[in-house]
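Topology and contacts: notes
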Amino acid sequence: LNQKNPEVINYICDVIRFWVDEFDVDGIRLDAADVLDFDFMKALRRVANEVKPEFWLMGEVIHGNYSRWANERTLHSVTNYMLHKALYSAHNDHNYFEVAHTIKYVNDMIRNNQLNLYTFVDNHDVERIYTKLKNKAHFVPVHVMLYTLPGVPALYYGSEFGIEGRKERFSDDSLRPALNYEDYKDAAKTNECTKLIAALGKIRQNTRALMYGEYKQLHLQTTHFAYARVLDGKSVITTVNNADNEVSMNLPAGNSEEYIGALTGQKVTVEGGRIQVSVPGNFGEIWIPAEMIGESFAPIKTVEIKKAAAPKVQPVKVEEPKPAPKAEEVKVEVVKSESKVTAVEVVKVPKKEEPVVEKKLEKVVVDWNKSYEDMAIEELQEVILEKMRKNGPVTEYMLGTVRENTHHGSLVNWARSFG
């Protein structure tokens, strides 16, 4: 679609109005938002402001400066892929410094926009978190962090049951299985993964500081980490531990007198403005000031996940790639939460799946007199890497994310995002 064509813009805007009028949707997810025209996104934002006060535009963005796409004029939020990567690899590598560094990097990036980014540990394009984790017990601290770090946490269907899903070369079917929910109807009582997710959801719902509080790092080691979300002078403290052994932390706690562990119900007394807490191996806890816990919320006792039950998902047969469709197909996914539709996703099915070809990297000479639009993919990749090098060392992960992006429009926008 030509996003600069006024008729196209008006048509898509009318689509949004239709979904709001007919189904009272609260938001739209924009696929591959990093290649959308900026004037087009501004038009969508004007419609969002028109249809309802808190209508939400969320875009899928993998690379670049998030504030370029999410700000007061375009989208409200984008996917935080940087934090997604940090959450699982920090546990697999026993290195919480990666998470702390990522949080600071992203916060510096969006400092002037006060954004709530879309945070996740898995989705329809990446491997299930239960598969990704080398130590399955890390399912606990990973999700404790998902629900307590800044951002809007998202849960991918089925992962609350701890199901597996490995990314295949020719198919994503194993990431998107059909589930028989009769198999999971008692999961909230019998499945330790589901118990944890249900508990975390209730804790967040009843703790405004976890949604709106300022983030503050309190304690950082490779195997254990503590941070607070501060709102109205009260600190809600999260502690996580990726080691097998129990750890003890002494943390600043503000002017509260007592804290209660939301998952375990454990109580600790504040002495000299600090608390001394112990966190079991491969676990996490959310410490809430006792005065913030009323009748609407009480501590939820849960147990440590040592080895979750084997998932009941039927094995997916991965077939050789089928011939590509002759015309481009469009799939619309509507996601419901309680009684409202909360997201609409339009996913384009590519006309042709190109074979993966391993390229031998050669030295690329960039003609800096060219516009980004006129540069080849390899030149744009080198431009982005050169701009990254000016900001500091380029890691293997950063190099990989650049080399894996072969979409010309995305690379142009990424290069521009450096200013």
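Residues numbered from 1 in each chain as written. Predicted model: local features only at pLDDT ≥ 70, side-chain atom pairs only at ≥ 80, totals over all residues. Heavy atoms only, no water.

The biggest cluster of nonpolar side chains holds 57 residues, and the ones touching the most others in it are Val99, Met145, Leu149, Phe225, Ile237, Ile275 and Ile286. A per-element tally of this core places helix 6 (residues 139-148) first, with seven residues. When near neighbours in sequence (up to four residues on either side) are disregarded, isoleucine 275 contacts Ile237, Met249, Asn250, Leu251, Ala253, Tyr259, Val268, Thr269 and Val270. Ile28, Ala43, Val61 and Leu115 belong to the second-largest nonpolar core, a separate cluster that totals 35 residues. (Core = buried A, V, L, I, M, F, W, Y, C linked by side-chain atoms within 4.5 Å. Buried < 20%, exposed > 50% of the residue type's maximum accessible area, 1.4 Å probe, protein only. Helix = DSSP H or I, 4+ residues; strand = E, 2+ residues; numbered from the N terminus. Contact = heavy atoms within 4.5 Å.)

A separate point is empty space enclosed by the protein. Applying the stated criterion across every chain yields a total of one cavity of 30 Å³ or more. In this structure, the largest cavity occupies an estimated 30 Å³ of space. If you trace the largest cavity, you find it lined by Leu83, Leu87, Thr119, Met145, Leu146, Leu149 and Pro150. A breakdown of the residues in the lining of the largest cavity according to their chemical character gives six nonpolar, one polar and no charged. (1 Å grid on protein atoms, 1.4 Å probe; cavity = no way out; pocket = protein on both sides within 12 Å on 5 of 7 lines; lining within 4 Å. Points joined across faces, edges and corners; volume = space filled by probe spheres on them. Nonpolar A, V, L, I, M, F, W, Y, C, P; charged D, E, K, R; others polar.)

An order of 6-7-8-13-10-11 is seen for the six strands of this open sheet, with the pairing classed as antiparallel. Pairing within the sheet leaves two strands with one partner each, and these edge strands are strand 6 (214-220) and strand 11 (267-269). The mean angle between the axes of side-by-side strands here comes to 25 degrees, regardless of whether they run parallel or antiparallel. Bridging between strand 8 (residues 234-241) and strand 13 (residues 283-289) involves five bridges; their strand directions are antiparallel. Within strand 13, the residue paired with valine 240 across the bridge is glycine 284. Of the strands in this sheet, strand 6 and strand 7 (224-231) touch helix 4 (residues 97-109), which is tilted by about 150 degrees from strand 6. (Pairing = 2+ DSSP bridges. Axes fitted to C-alpha atoms, helices over the stretch in contact; angles between N-to-C directions.)

Where helix 6 meets helix 8 (residues 192-205), the closest approach of the two axes is 10 Å, and the angle between their N-to-C directions is 20 degrees. In terms of axis orientation, helix 6 runs roughly parallel to helix 8. Between helix 6 and helix 8 lies a crossing whose hand is right-handed. Contacts between helix 6 and helix 8 pair Phe139, Val140, His143, Val144 and Tyr147 from the former with Cys193, Leu196, Ile197, Leu200, Gly201 and Arg204 from the latter. (Parallel < 35°, antiparallel > 145°, perpendicular 65-115°, else oblique. Left-handed = near helix turned anticlockwise from the far one by under 90°.)

Turning our attention to helix 1 (residues 6-23). An ideal rise of 1.5 Å per residue puts 26 Å on 18 residues; helix 1 measures up with 26 Å between its terminal C-alpha atoms. Among all positions in helix 1, only Val8, Ile9, Cys13, Ile16, Trp19 and Val20 are buried. Across the axial projection of helix 1, the buried residues extend over an arc of 135 degrees, all falling on one side. Seen from the open side of helix 1, the exposed residues pointing more than 90 degrees away from its buried face are Pro6, Glu7, Tyr11, Asp21 and Glu22. N-capping of helix 1 is provided by asparagine 5, with a side-chain oxygen placed 2.9 Å from the backbone N of glutamate 7. Backbone geometry just after helix 1 places aspartate 24 at a positive phi near 55 degrees. (Expected span 1.5 Å × (residues − 1). Arc of directions from axis to C-beta. Polar contact = N/O pair within 3.5 Å; in protein donor to acceptor, adjacent residues only side chain to side chain.)

The next point concerns the environment of methionine 398. With respect to the helices, strands and loops of the structure, methionine 398 is situated in helix 11 (residues 396-404). For methionine 398, a relative accessible area of 24% corresponds to the partly exposed category. With 335 residues separating them along the chain, methionine 398 and histidine 63 place their C-alpha atoms 9.7 Å apart. Those residues in contact with methionine 398 that lie beyond four places of it in its chain are Met388 and Pro393.

Looking now at the pairing of strand 9 (residues 247-252). Residues of strand 9 alternate between two faces, with Val247, Met249 and Leu251 buried on one and Ser248, Asn250 and Pro252 left unburied on the opposite face. Judged from the six bridges that link them, strand 9 and strand 12 (residues 274-279) form a sheet pairing that is antiparallel. Following the sheet pairing, asparagine 250 is matched in strand 12 by glutamine 276.

Looking now at the pattern of salt bridges. Taken as a whole and assessed by the stated rule, the structure comprises 21 salt bridges. Close ionic contact of glutamate 192 with lysine 195 constitutes a salt bridge, the shortest N to O distance being 3.3 Å. With glutamate 192 and lysine 195 both in helix 8, this residue pair falls three residues apart, about one helical turn. Among the residues examined, glutamate 192 registers a relative accessible area of 25% and is labelled partly exposed. Of the charged contacts, one joins glutamate 382 and arginine 389 as a salt bridge, the two residues approaching to 3.2 Å between their closest N and O atoms. Look at the salt bridges and you will find they share partners, linking Asp125, Lys167, Asp172 and Arg176 into a network. (Salt bridge = Lys/Arg side-chain N within 4 Å of Asp/Glu carboxyl O.)

Our next topic: helix 10 (residues 377-391). For helix 10, with 15 residues, the first-to-last C-alpha span of 22 Å sits near the 21 Å given by 1.5 Å per residue. Looking at helix 10, one finds that the buried residues are Glu379, Leu380, Gln381, Glu382, Val383, Ile384, Leu385, Lys387 and Met388.

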